[in-house]
Amino acid sequence: MNDKARLKRQIYELDFALHELVLFLDSHPTNRRAMELMGEYREKRAKLIADYEKRYGKYIVTVNDVPMSGKWEWLDSPWPWDTDFMEG
Amino acid sequence: MWQYEKKLQYPVKIKNPNPKYAQIIITQYGGPDGELGASMRYLTQRYSQPYNEVKGMLTDIGTEELAHMEMICAMVHQLTRDLTPEQIKESGFAPYFVDHTLGVYPVAASGYPWTATYIQSKGDTLADLHEDLAAEQKARVTYDNLLRLIDDPDIKDPLKFLRAREIVHYQRFGEAQPTRWNDYGGAADKTA
């Protein structure tokens, strides 16, 4: 796994932790600890994305992340079902 | 509506194609307890659901199931790439191949195509939630069975992740107030 793949994996791990909190909050909507953790993980995720963008350019995961400059970059990177997706 | 995220929930990277494994893993796409059915079951049950808490669960778990469907399809796709005609003939993949080439199509391991009869939307909170609890357990058993038959770590790793998700979803559905028969007032964790 290269550095880019490692960093992507760290972002995905936080995405997963955040999703877990979403499901937990659906059945525990007043749980303060879960809300605190969600805030903490959102911050960590934003920091990792800033780090990614410093090194590799815009972090594109939804169409709304695509920069409006010149080319439609949505199509450039590998697709999730490609074997080189994490490195690409 | 939905917005696509260009990523898998958990990465799939399989080094060695294996059409034998693809033919059994595909059941978690189009089989009776697969991820397509799981997603359709939950997303469909939402409309008659009176409890906001359960509407939330059905939406968020049903959405996650779409991501699981994408992981299973990625596995089937990677397991069937670069095949020779000999491999197709020897692995028992020929019947699927003549019908779908290398297209990923929702069928069970037995070859039956996906059908809406695999799911239910009964319009009754208790009936629907109990269907959902049973569905999570049946999907968990299917992952157990796949893990018994497969020995490639590249395949086992994402399958173990998906198996664990069935258990978490079962837990969340079980926490929904309508399935907690001794406590209908306040939040499920009101003592937390």
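Trainee: If you had to explain the overall build of chain A to someone new, which residues and values would you point to?
Mentor: Counting secondary structure elements, chain A contains two helices and zero strands. The globule rule puts the C-alpha radius of gyration for 88 residues at 12 Å, and the 15 Å found for chain A is more than 25% above it. Dimensions of chain A, computed from the C-alpha atoms along their principal axes, are close to 45 × 30 × 25 Å. With 88 residues in all, chain A has 12% of them scored as buried. By sequence separation, contacts in chain A at least 24 residues apart represent 43% of the contacts at least 6 residues apart.

Trainee: Pulling in residues and values, what's your account of the overall build of chain B?
Mentor: When you go through chain B residue by residue, the secondary structure sums to eight helices and zero strands. Shown N-terminal to C-terminal, the secondary structure of chain B runs as helices and strands in the order α-α-α-α-α-α-α-α. Against the compact-globule benchmark of 16 Å for 192 residues, chain B has a radius of gyration of 18 Å, which places it among compact chains. Along the three orthogonal principal directions, the C-alpha set of chain B runs to about 65 × 30 × 30 Å. Out of the 192 residues in chain B, the part that is buried amounts to 38%. Across chain B, every contact between residues at least 6 apart in sequence was considered, and the portion connecting residues at least 24 apart equals 76%.

Trainee: Which residues make up the interface of chain A and chain B, and what values do they have?
Mentor: Across the boundary between the two partners, chain A contributes 18 residues, which contact 29 residues of chain B. Among the residues forming the side of chain A that touches chain B, the class breakdown is ten nonpolar, seven polar and one charged.

Trainee: Explain the nonpolar core to me, and be specific about the residues and the numbers.
Mentor: Counting residues in each nonpolar core, the largest one holds 38 residues, and the members touching the most others are B:Ile25, B:Tyr29, B:Met71, B:Ile72, B:Met75, B:Val76 and B:Leu79. Those residues in contact with B:Ile25 that sit more than four places away from it in its chain are B:Ile72, B:Met75, B:Val76, B:Leu79 and B:Leu146.

Trainee: Tell me about helix α3 (residues 35–45) of chain B, and please be specific about residues and values.
Mentor: Because an α-helix packs 3.6 residues into every turn, residues spaced three or four apart end up facing the same way. All names here are of chain B. By the criterion of burial, α3 is predominantly enclosed, with eight of the eleven residues buried. All of the buried residues along α3 are Glu 35, Leu 36, Gly 37, Ala 38, Ser 39, Arg 41, Tyr 42 and Gln 45. Turning to α3, the residues buried within the fold contact α2 (27–30), α4 (52–79) and α7 (125–149).

Trainee: Can you explain the environment of B:Gly34? Please cite residues and give values.
Mentor: Residues and elements named next belong to chain B. Turning to its location among the elements, Gly 34 is positioned in the loop between α2 and α3. On the basis of neighbour count, Gly 34 is assigned to the buried category, with 27 C-beta atoms found within 10 Å. Separated by 108 residues in sequence, Gly 34 and Thr 142 have C-alpha atoms that sit 8.4 Å apart.

Trainee: Explain the environment of A:Leu21 to me, using residue names and the numbers behind them.
Mentor: As for its placement among the helices and strands, A:Leu21 is situated in helix α1 (residues 3–27). Separated by 20 residues in the primary sequence, A:Leu21 and A:Tyr41 place their C-alpha atoms 9.9 Å from one another.

Trainee: Before we move on, could you go through the confidence of the model for chain B and cite the residues and values that matter?
Mentor: All names here are of chain B. For chain B, mean pLDDT is 94; residues scoring 70 or higher make up 93% of the total. Long-range and interchain partners of residues 186–192, a stretch whose pLDDT sits below 50, account for 14 contacts in this model, where long-range means more than four residues apart. The complex prediction reports pTM at 0.95, with the ipTM value standing at 0.96.

Trainee: An account of α7(B) is needed here, citing residue identities and associated values.
Mentor: Along its 25 residues, α7(B) runs 36 Å from first to last C-alpha, staying within 8% of the 36 Å computed at 1.5 Å per residue. Its buried side turned inward, α7(B) meets α1 (19–25), α2, α3, α4 and α8 (153–175) of chain B.

Trainee: How would you explain the packing of α3(B) against α7(B) if you had to name every residue and give the values?
Mentor: A pair of packed helices is characterised by two quantities: the angle between their axes and the separation of those axes. All names here are of chain B. Look at α3 against α7: their axes get within 11 Å of each other, and the N-to-C directions meet at 165°. By the angle class used here, α3 and α7 are roughly antiparallel. Crossing angle aside, the handedness with which α3 passes α7 is left-handed. Across the interface between the two elements, Ala 38, Arg 41, Tyr 42 and Gln 45 of α3 pack against Asp 128, Asp 132, Ala 135 and Ala 139 of α7. Residues of the contact of α3 with α7, tallied by class, amount to four nonpolar, one polar and three charged.

Trainee: Lay out the packing of α4(B) against α8(B) with the relevant residues and their values.
Mentor: Residue and element names in this part refer to chain B. At a minimum axis separation of 11 Å, α4 and α8 run at an interaxial angle of 165°. In terms of their interaxial angle, α4 and α8 are classed as roughly antiparallel. Once α4 is placed against α8, the crossing between them reads as left-handed. Here α4 contributes Met 57, Ile 61, His 68, Met 71 and Met 75 to the contact with α8, which in turn contributes Ile 155, Pro 158, Leu 162, Arg 165, His 169, Arg 172 and Phe 173. For the contact of α4 with α8, the residue count by class is eight nonpolar, two polar and two charged.

What counts, and where the lines are drawn
- Residues numbered from 1 in each chain as written.
- Chains lettered and ligands numbered in written order.
- Predicted model: local features only at pLDDT ≥ 70, side-chain atom pairs only at ≥ 80, totals over all residues.
- Helix = DSSP H or I, 4+ residues; strand = E, 2+ residues; numbered from the N terminus.
- Rg over C-alpha atoms; globule rule 2.2 N^0.38 Å.
- Buried ≥ 20, exposed ≤ 12 C-beta atoms within 10 Å, placed from the backbone.
- Contact = placed C-beta atoms within 7 Å.
- Nonpolar A, V, L, I, M, F, W, Y, C, P; charged D, E, K, R; others polar.
- Core = buried A, V, L, I, M, F, W, Y, C linked by C-beta atoms within 7 Å.
- pLDDT = per-residue confidence, 0-100.
- Expected span 1.5 Å × (residues − 1).
- Axes fitted to C-alpha atoms, helices over the stretch in contact; angles between N-to-C directions.
- Parallel < 35°, antiparallel > 145°, perpendicular 65-115°, else oblique.
- Left-handed = near helix turned anticlockwise from the far one by under 90°.

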